[in-house]
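Structural characterization, general
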Amino acid sequence: MVDSQYCFELKEVGKNLDKEHEVFNLMYLIDLFEQFYPEEFHVKKAKKGRPIKYNHKELLTFIFWAKNNKRESYRDLEKWCENNDETCQLVLKCEKPSKTQLNRFKNNHMALINKFDQFIIDFAMAIELIDGKIVYGDGTILKAWCNTFKKMYPYEINYLKKFLNNNVSNTELWSKLKKYFINEDDDEKLKEELKDLLNEFNYNLNSSGIHLLKLSLMSSRNFEKVIERIQLMEENITGEHSISIIDPESRHMPDKKGKMGLNYNYQTVTDNKYGFRLVHYITNNPNDQKEIKRLVDMTTERIHTDNFIICVDNGYWNPEQLKEILKGNTQVVIPDDTEASRKKQKIQNKNRSGKRQEQLNKEEKHKNKPKRIKKYQFKYIGKIDAFECPKTKKLFQVVDIVTLTGVKKKKYTCDLCISCKYKSECTSQYRRIFYELYDENMEEIRRFYYSDEGQEIYFQRGHFAESSFAILLESRNFRGIKTKGLKNANDELTISEIHHNLKKLEKHTTNKFLKLIINKVKKYKKQNQKIDFFCIEKFKGKFIIQNDVITGIRGD
């Protein structure tokens, strides 16, 4: 009988994996992270109870390795460990944590995860994968993890709070309500006694309010939870708008398709070199105009300088915040309201079919209105601050700054317009006149936007700002928010964004290079005890780069 030889033979954990396997890339990065911040991995020994079985390094590596394999449910991770996957055994050193331990680690150590997020940015800047000179900001709407119909209005919340606080000590009434709602007692006498109160409930509370009332009747613990939920709902009241009872921090805002729902506003800043995500956060503010200053401040904090250019769309146009930004070294590329409306109109015309255009022309003839040359058809030349006529190619330049309805505006016109043969197609007045909003503090931003550099930067905005959302959705398996509350949503997003940056590092570095960096850092640490990113930055210009991948350092 011939002995059979198995194709898989476990001698040592990890020996059956390829040396270039991506799990080693992640392990080297977290090993490097530990070298820079060893205090973050220090575990205090408990005086009582069981000894701690897993250290932070192992669980941190496992969470992001699971994210890389599109496994997010902690129950799924527990089963994955039990299946004896060799990568799991390598990362966890053959231990098998439970779903409870994994969940507890994530909830209790978000500070460590946020520190790792900042470390990746610092490391990528040190090895020149992040330029930090031009960044792109953008936002999108994410659906909140709650039911749109389970909501209450402020007056309903106020009524329920007063009723619970005023009647919680009335044991007789409480027992009657409990019999009626919880035990579902059909006693006609009980119904008659509670008739007026039930009518009052139906008038002042909707089905969601009745649901919270029933919960408060079940036990004292549930009563406290309902009171806490009411307090959270009161903190998030905005005007007379309804508040979700499941996720009170979510807000009613329209999504990209214009459909109204309970959503969150997701803001990002992306570097222009390789698409690393520098800033990411979720807010319940539906308006982007209030976010431009926060994006600039957070980017400054992440890359440790305010000397950069940020490019955003017109949705972030906020003169007051832009003036504050201009006080520093940051430059902003953003179109003003006039340019945004001009672009929007051009896109509408471009997407319009010839048949639809004929229909519009017929409608104008039917209204007995002559067809005029639209303002958006005049090409604006930012370098000289003038409009070019589409017919004669003559320039409409600034002739005055006037005040109309309390607002300063630039007045544009052309002297040749009076005798122009196309005048009847252009205007019914003696000459064509344009008015543009004027703000001397915003002129610097307008000039930079219309410069060659500004136009080139804004032209690439769609690629870096918009495509990153599609990458996160399709390639990074981020299908939306699956937690309740603003803090939990931000924590969930942080893990997804770290995973995105880890994939970028994996694409542009090799295991050999990371091992070399770790050896350099350890050697530097022995000589200086305290280390910083200077020990990596001093090798700038010496990196061996092949096809945008760093493979080594010259001289080693």
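Structure's up top.
Described in the following lines is the structure provided in the data block. Residue numbers run consecutively from 1 along every chain, following the written order of its sequence. pLDDT decides what is reported in this predicted model: residues at 70 or higher carry local features, side-chain atom pairs at 80 or more are listed and counted, and totals for whole chains, interfaces and linings draw on all residues regardless. Where side-chain values are given, they derive from all heavy atoms of the structure, hydrogens and water being excluded.

A side-chain nitrogen of Lys or Arg and a carboxyl oxygen of Asp or Glu constitute a salt bridge if their distance falls within 4 Å. The tally for this structure, following the rule as stated, stands at 20 salt bridges. A salt bridge links Asp-31 to Lys-57, with the nearest nitrogen and oxygen atoms 3.3 Å apart. Of this pair, Asp-31 sits in helix 1 (residues 22–36) while Lys-57 sits in helix 2 (residues 56–68), and the two are 26 residues apart along the sequence. When the shortest N-O distance is used, the salt bridge between Glu-172 and Lys-176 registers 3.6 Å. Here Glu-172 pairs with Lys-176, and both are found in helix 8 (residues 171–181), just four residues apart, close to one helical turn. On the basis of relative accessibility, which here comes to 51%, the residue Glu-172 falls in the exposed class. Here a strand is any run of E in DSSP of at least two residues, a helix any run of H or I of at least four, and the numbering for each starts at the N terminus. The buried label goes to any residue with under 20% of its type's maximum accessible area, the exposed label to any with over 50%, and the partly exposed label to all in between, with areas taken from a 1.4 Å probe on protein chains only.

Turning our eyes to something else, we now look at the nonpolar core. Taken as a class, soluble globular proteins show a tendency for nonpolar side chains to be buried jointly. Here the nonpolar core consists of buried residues drawn from Ala, Val, Leu, Ile, Met, Phe, Trp, Tyr and Cys, with membership extended through side-chain atoms lying within 4.5 Å. Membership of the largest hydrophobic core comes to 83 residues, with the highest contact counts inside it found for Phe-36, Phe-119, Phe-123 and Ile-536. Element by element, the count of residues in this core is highest for helix 6 (residues 110–126), at eleven residues. Grouped together as the second largest cluster of nonpolar side chains are 27 residues, Trp-174, Phe-201, Phe-223 and Met-233 included.

A few words on the side chain of Asn-265. Summarising the element assignment, Asn-265 is placed in strand 5 (residues 260–271). A distance of 3.0 Å separates a polar side-chain atom of Asn-265 from the backbone oxygen of Asn-285. If sequence neighbours within four positions are ignored, Asn-265 has contacts with Thr-140, Ile-141, Met-253, Tyr-281, Ile-282, Thr-283, Asn-285, Pro-286, Asn-287 and Asp-288. Identification of polar contacts relies on pairs of N or O atoms within 3.5 Å, with a donor-acceptor requirement for protein atoms, meaning one able to donate a hydrogen and the other able to accept it, and with residues adjacent in sequence counted only if both atoms are side-chain atoms. Contact between two residues is taken to exist if any of their heavy atoms lie within 4.5 Å; hydrogens are not considered.

On the surface, a cluster of negative charge is contributed by Glu-184, Asp-186, Asp-187, Glu-188, Glu-192, Asp-196 and Glu-200. Put simply, the parts of the chain that give the negative patch at least two residues each are helix 9 (188–193) and helix 10 (195–204). Mapped onto the elements, Glu-192 comes out in helix 9. Exposure above 30% relative accessible area and the absence of a salt bridge qualify a residue for a patch, where like charges join within 9 Å and nonpolar side chains (Val, Leu, Ile, Met, Phe, Trp, Tyr) within 5 Å. Note on areas: these come from Shrake-Rupley sampling with a 1.4 Å probe, and a residue is covered only by the protein chains present in the view. Only four residue types enter the tally: Lys and Arg on the positive side, Asp and Glu on the negative side, with His and both chain ends excluded. Working definition for charges: the position is that of NZ of Lys, CZ of Arg, CG of Asp or CD of Glu.

Within the element layout of this structure, Asn-16 appears in the segment before helix 1. In sequence terms Asn-16 and Thr-87 are 71 residues apart; their C-alpha atoms lie 9.7 Å from each other.

Time to look at the pairing of strand 5. Judged by how many residues are buried, strand 5 sits mostly within the fold: eleven of twelve residues are covered. As paired strands, strand 4 (residues 251–254) and strand 5 are joined by four bridges and run antiparallel to one another. Following the sheet pairing, Met-253 is matched in strand 5 by Gly-261. Once strand 4 ends, the chain turns through five residues before running back antiparallel as strand 5, passing Gly-258 with a positive phi of about 85°. Paired strands, in this sense, are two strands between which DSSP finds at least two bridges. As paired strands, strand 5 and strand 6 (residues 277–283) are joined by six bridges and run antiparallel to one another. In the sheet register, Gln-267 faces strand 6, and the bridge partner there is Tyr-281. Counted between consecutive antiparallel strands, the loop separating strand 5 from strand 6 contains five residues, among which Gly-275 sits at a positive phi close to 80°.

Only rings of Phe, Tyr and Trp enter the pairing, Trp through its six-membered ring, and a pair is recorded when the two centres are within 6.5 Å. The plane angle decides the type: under 30 degrees is stacked, over 60 is edge-to-face, the rest tilted. In total, this model carries 27 aromatic pairs according to the counting rule given. For the ring pair Phe-119 and Phe-123, a centre distance of 6.0 Å and an interplane angle of 10° mean the geometry is stacked. You can see Phe-119 and its partner Phe-123 sitting in helix 6, four residues apart, about one turn around the helix. In this structure, Phe-119 and Phe-123 share a single accessibility class: buried. Ring geometry for Tyr-153 and Tyr-155: centres 6.1 Å apart, planes at 15°, overall stacked. With relative accessibility at 32%, the residue Tyr-153 sits in the partly exposed group.

In this section: helix 3 (residues 74–82). Residues lying three or four places apart along an α-helix face the same way, a consequence of the helix completing one turn every 3.6 residues. What helix 3 keeps buried is the set Tyr-74, Leu-77, Glu-78, Trp-80 and Cys-81. Projected onto a plane normal to the axis of helix 3, the buried residues spread over an arc of 160° and lie on a single side. Those residues of helix 3 that are buried lie in contact with helix 2, helix 4 (86–92) and helix 5 (99–108). Positive backbone phi, at 60°, marks Asn-84, one or two positions downstream of helix 3. Throughout, the arc means that of the directions going from the helix axis to the C-beta atoms.

Pairing is antiparallel across the open sheet formed by five strands, whose spatial order is 9-10-11-12-13. Edge positions in the sheet fall to strand 9 (379–381) and strand 13 (434–437), since each of these pairs with one other strand and no more. With direction set aside, neighbouring strand axes in the sheet form an average angle of 35°. The pairing of strand 11 (residues 395–404) with strand 12 (residues 407–413) spans seven bridges and is classified as antiparallel. In the sheet register, Thr-403 faces strand 12, and the bridge partner there is Lys-408. Axes here mean lines fitted to C-alpha atoms, for a helix over just the part in contact, with angles spanning 0 to 180 degrees between N-to-C directions.

Here the phi dihedral of Lys-93 falls at roughly 55°; this positive angle occurs in a residue that is not glycine. Relative to the elements of secondary structure, Lys-93 occurs in the loop between helix 4 and helix 5. The backbone of His-304 sits at a positive phi, close to 65°, despite the residue not being glycine. Residue placement: His-304 occurs in the loop between helix 13 (292–303) and strand 7 (309–311).

This paragraph deals with the packing of helix 2 against helix 6. When two helices pack together, their arrangement is given by the angle between the helix axes and the distance between those axes. For the pair helix 2 and helix 6, the least separation of the axes is 12 Å and the interaxial angle reads 65°. Looking at the two axes, helix 2 sits roughly perpendicular to helix 6. Considering the relative orientation of helix 2 and helix 6, their crossing is right-handed. Only Leu-112, Ile-113 and Phe-116 of helix 6 make contact with helix 2, whose side of the interface consists of His-56, Leu-60 and Phe-64. Tallied by class, residues from the contact of helix 2 with helix 6 come to five nonpolar, one polar and no charged. Angle categories are assigned with fixed cut-offs, so that under 35 degrees is roughly parallel, over 145 is roughly antiparallel, 65 to 115 is roughly perpendicular, and the rest are oblique. Left-handed is the label given to a crossing in which the near helix is rotated counterclockwise from the far helix by less than a right angle, and right-handed is the label when the rotation is clockwise. Throughout this entry, Asp, Glu, Lys and Arg are counted as charged residues, while Ala, Val, Leu, Ile, Met, Phe, Trp, Tyr, Cys and Pro are counted as nonpolar. The remaining residues, Gly among them, count as polar.

So yeah, pure geometry; function would need other evidence.
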